[in-house]
Structures are given as structure tokens and as C-alpha cells.
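# Remarks on the overall topology
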Amino acid sequence: MNWPTVRIDEVAKIDRKGIDPSAIQAGTKYLGLEHIASGGEILDAEKVIGGQLASSKFRFCEAHVLYGKLRPYLAKIALPNFCGICSTDILPIRPGPELDRRYLAYFLRQPQLVEMASARSTGVNLPRLSPKTLSEFEIPLPSMREQKRIADILERADGIRQKRAFLLKQVDGFLESAYVHTVGHLNPSHGDWEPYPIETLAIARKGAIRSGPFGSALKHGEFVEDGIAVLGIDNAVKNKFVWAERRFITPSKYEELRRYTVFPGDVIVTIMGTTGRSAVVPDDIPEAITTKHLATITCNKELIHPEVLSFAIHSDPLIIRQIKSFNKGAIMDGLNLGIIRKLEINLPPMAEQLRFVAMLQKARAIEAKSQTPDGSGEDLFQSLSQRAFRGEL
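In this report, the structure presented in the accompanying data block is examined.

What counts and what doesn't
Residues numbered from 1 in each chain as written. Predicted model: local features only at pLDDT ≥ 70, side-chain atom pairs only at ≥ 80, totals over all residues. Heavy atoms only, no water. Helix = DSSP H or I, 4+ residues; strand = E, 2+ residues; numbered from the N terminus. Buried < 20%, exposed > 50% of the residue type's maximum accessible area, 1.4 Å probe, protein only. Contact = heavy atoms within 4.5 Å. Areas by Shrake-Rupley, 256 points an atom, 1.4 Å probe, with all protein chains shown as cover. Lys, Arg positive; Asp, Glu negative; His and termini not counted. Charge placed at Lys NZ, Arg CZ, Asp CG, Glu CD. Pairing = 2+ DSSP bridges. Phe/Tyr/Trp six-rings, centres within 6.5 Å; stacked < 30°, edge-to-face > 60°. Lys NZ or Arg CZ within 6 Å of the ring centre and 35° of its normal. Salt bridge = Lys/Arg side-chain N within 4 Å of Asp/Glu carboxyl O. Axes fitted to C-alpha atoms, helices over the stretch in contact; angles between N-to-C directions. Parallel < 35°, antiparallel > 145°, perpendicular 65-115°, else oblique. Nonpolar A, V, L, I, M, F, W, Y, C, P; charged D, E, K, R; others polar. 1 Å grid on protein atoms, 1.4 Å probe; cavity = no way out; pocket = protein on both sides within 12 Å on 5 of 7 lines; lining within 4 Å. Points joined across faces, edges and corners; volume = space filled by probe spheres on them.

## Overview of the overall build of the protein
Regarding its fold elements, the protein presents 11 helices and 20 strands. In the protein, buried positions account for 48% of the 393 residues. In the protein, the proportion of contacts linking residues at least 24 apart, taken out of those at least 6 apart, comes to 74%. Accessible surface computed for the protein: about 19800 Å², of which carbon and sulfur atoms make up 52%. With 51 positive and 46 negative side-chain charges, the protein shows a spacing of 4 Å between the two charge centroids.

This is how it looks when you write it as C-alpha cells:
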């Protein structure tokens, strides 16, 4: 469908007149980028205390679209339902009579628009998109009736996406609660369970707790397009095993590094970069080793279920407290094999462990369903969004 295309500044105004802090009344609602979620939801709004703010701010009202102009937050585009003031890192855009507010917000949230805004942001330390550059973006302009129809469709799709995100958050909360009540410190019998250092929960063989090859043993330039898999941080960073970037070494290189092999049921732990994340290696893992960024634990499965150990490492508050203690208060800083070996777990009976694992597997099944094409609100929303602004809905 051929719609006219216009620049944003032809149909909207970016209101950037600063408000002196002394002119801001106590009790006024204030929004910073930290109060807006990446999906545009307003998480909260602070009420200003007299004399609290030290720098100029922008005013906004229910008619504005709020646009985060810092490069890391370009997807933070909110539709407020109240008036207030905001950080000058948020641009209040007031649509004119020819432009629907929701239509504009959904247009700006498109991944390709976020990428374009990111590419055109400038600055060394904190790149920002200038208001002038934003005002020059072009937007398709169908009739107001068509804009509202498109916004209604995308709003419904966005609602599905938000419900999915809420469901996954509830699943995470359920698992944390299930852990502490079944195999964690809120089980009434927890104090009766014997404490075991993790090193005593590994299988009794050399290298049962190990890290990947260090130094020149494995260089990035030795990765190839196919061969023996190499696991890294990205395989465990979500606290469950996922295939992300694929890395391989040749079979001959693998022969040199065979002692770093990972096996089904091993627990992998991130010890560099984003530390303290963990996952269980799946049963269908092909032959693979790890990089130096991971520690690997081959469990004694007669004592502890790998899923229980993995969950304990990344989420048990008592384990996290021990890690902080080893690192003098710096949580998850400098995690290494020595610390991992010393971490203690009050070992629950296997029956309790299996009860928790059953709940974990059911929760993972719910997560998996929500991430299929049928259950993924994200896929539906992005598909509809792309079609909408091409005039194909």
C-alpha cells in the first residue's frame, strides 16, 4: 500500500525546553531511564522532594511519547498516563493532530529503527541520538483511522508478549521458592543435613573439577567451522544450557585437549566475564570441551543430582553469601576452582532432590512452550510490526 512518508518533525514536536529545578513543585512525578523497562513499561515514578533535583529537566504529559536517547536504552519508549518531569536523556515527543501517539511509539520500537538510531548516535563515553537526527527520521503516514487500527492490532500483540514475559518471571520466582523450600534452607530439616564441600560431591577421579585450557593451549585462531564443539560462557549464561555461538576445533586438536572433555550431566560454571552462572550439560551433547572461561564439575550422582548442584551455585542465597565472603564482599568477583571446591552445601536426601528436579523439569517445559513459534508473543509482535508499517495488515 502506498502511504505518504513524512519526517517526524513534520507531524510531531520534540519538547526540550528545560525546567529549572527551583521551579519544580514538591510531589511532582519524576522519570529517569531507570524507571522505564526495555519494553516500554513504566516501572515506577519517583515523587520529587523539594530541592532534590540539581539539574534541568523536561516536562511531559499524557500526550507525549517518551524516547530514551542514550544508545544502550534506545528501545526505552514509553507512553505515560500522567504528567511529570523527566531526565534530559529522555526526549518528550508530542504528536500533532495527524499522528497517533501509539502508532508513533510502535514505529520507533521496531528493531530496524532501534538499529538505525544506534548507528546514528554520537559521543565517546555515552553515545546519544540527537533530537535533530531523531526529528529527521521518516515515518509512513496513513490516515488517522488506519493508524489507530494498526496501533490496536500491535497493542493486542504486545499484550501477548507482556503476558509471556510475566509468565517467565513467575516461573523463575516459583523455581527459587521451590528450591529453598525443598532442598534449601527453608526446608525444616535443612539443619539436620550434613554439610558437604563441593569437592566431595564430585566423582572420585582426577580432574573431576576442572577448567578449560589456558594460555596458548587453545587460541581463538584455532577455531574451525566444523569438528569438535567448544563450550563457552554463552552456553551457561542463562543458567540453563543453550546452544549459542558455535565454536569447533579439529579432531587432531581435540586429541591434545581431550582431558577437558565435558560429559552429559556435567555442571558448567562461568568463572570469567559474567561469573557464577551455571548449567547442566544435556544428555545429547556431542563430543565437546570447554574454554578457559568455564569450570566443569562431574558430579557423583549417587550423592547429588547435577540440576540441584547447578541451581545451588547460581541461586542459593547461602552459596552466594559464601562466594561474597571468599571475595570480601564483591559478589561473583574472581570465581575460581579453589572457591568452587570450598563451597558447602547441606546435602538433602535424594528423595528431596528428585522432588525439586521434577518441579524444575515442569517449569522448563512451560518455558520451552512459551518460546515456540506458537507460544512466542515476541515472534508474533515482530511479525505484525514489520507487516504493519509496510501496509500489509
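## Quick word on the pairing of strand β14 (residues 228–231)
Side chains of β14 alternate between two faces, with I228 and V230 and A229 and L231 buried alike. Here β14 pairs with strand β15 (residues 248–249) via 2 bridges, running antiparallel. Bridge pairing links A229 to F248 in β15. Where β14 meets strand β18 (residues 288–290), 3 bridges bridge the pair, whose relative direction is parallel. Considered in β18, the bridge of V230 is made with I289.

## Some thoughts on the packing of aromatic side chains
Enumeration according to the criterion identifies 5 aromatic pairs in this entry. Measuring from ring centre to ring centre gives 5.7 Å for F60 and F82, while their planes differ by 65 degrees; the resulting arrangement is edge-to-face. Taken together, the residues F60 in strand β6 (residues 57–60) and F82 in the loop between β8 (77–78) and β9 (84–86) connect sequence positions 22 residues apart. Overall, the relative accessible area of 4% leaves F60 in the buried class. By relative accessible area, F82 is classed as buried at 12%. Between the aromatic rings of Y179 and F356, the centroid separation amounts to 5.5 Å while the plane-to-plane angle is 85 degrees, which identifies the pairing as edge-to-face. With a gap of 177 residues between them, Y179 in helix α5 (residues 144–182) and F356 in helix α10 (residues 350–370) connect regions that are remote in the sequence. We classify F356 as buried; its relative accessible area is 0%. Across from the ring centre of F82, 4.7 Å away, lies the NZ or CZ of K29, which sits over that ring.

## Observations regarding the pattern of salt bridges
A full pass over the atoms with the stated rule returns 18 salt bridges. D158 is the salt-bridge partner of R109, the closest N and O atoms lying 3.7 Å from each other. Of this pair, R109 sits in helix α2 (residues 101–109) while D158 is found in helix α5, placing the two residues 49 residues apart along the sequence. Assessed through its relative accessible area of 15%, R109 is described here as buried. The partner of R247 in a salt bridge is D234, with the nearest N and O atoms 2.9 Å apart.

## Focus on the packing of α5 against helix α7 (residues 306–315)
Across the interface, α5 lies against α7 with an axial gap of 11 Å and an inter-helix angle of 105 degrees. Taken together, the axes of α5 and α7 are roughly perpendicular relative to one another. Two secondary-structure elements touch here, α5 through L175, E176 and Y179 and α7 through V308, F311 and A312. Residues belonging to the contact of α5 with α7 are distributed by class as follows: 5 nonpolar, no polar and 1 charged.

## Comments concerning the sheet that holds β6
If you walk across this open sheet you meet the 5 strands as β3-β6-β9-β4-β5, and the pairing is mixed. Of all the strands in the sheet, just β3 (18–19) and β5 (46–47) have a single pairing partner and so form its edges. Where strand β4 (residues 29–31) meets β5, 2 bridges bridge the pair, whose relative direction is antiparallel. Within β5, the position partnered with Y30 by the bridge is E46.

## As for the pairing of β6
Here β3 runs beside β6; their pairing, made up of 2 bridges, is antiparallel. Counterpart to G18 in the pairing with β6 is F58. In the sheet, β6 pairs with β9 via 3 bridges, with the strands oriented antiparallel. Within β9, the position partnered with F60 by the bridge is G84.

## Remarks on the sheet that holds β14
Spatial strand order, β15-β14-β18: 3 strands in an open sheet with mixed pairing. Looking at the sheet topology across the chains shown, the edges are occupied by β15 and β18.

## Examining the layout of surface pockets
In this approach a probe as big as a water molecule rolls over the atoms, and the regions it shows empty are the leftover space. Its volume calculated, the largest pocket comes out at about 520 Å³. In terms of lining residues, the largest pocket is bounded by 17 residues, among which L168, D172, K238, K240 and E367 are the most central. Counting residues per element, the ones that place at least two in the lining of the largest pocket are α5, α7 and α10. Sort the elements by how many residues they give to the lining of the largest pocket and α5 lands first, with 7 residues. Class assignment of the residues belonging to the lining of the largest pocket gives a composition of 5 nonpolar, 4 polar and 8 charged.

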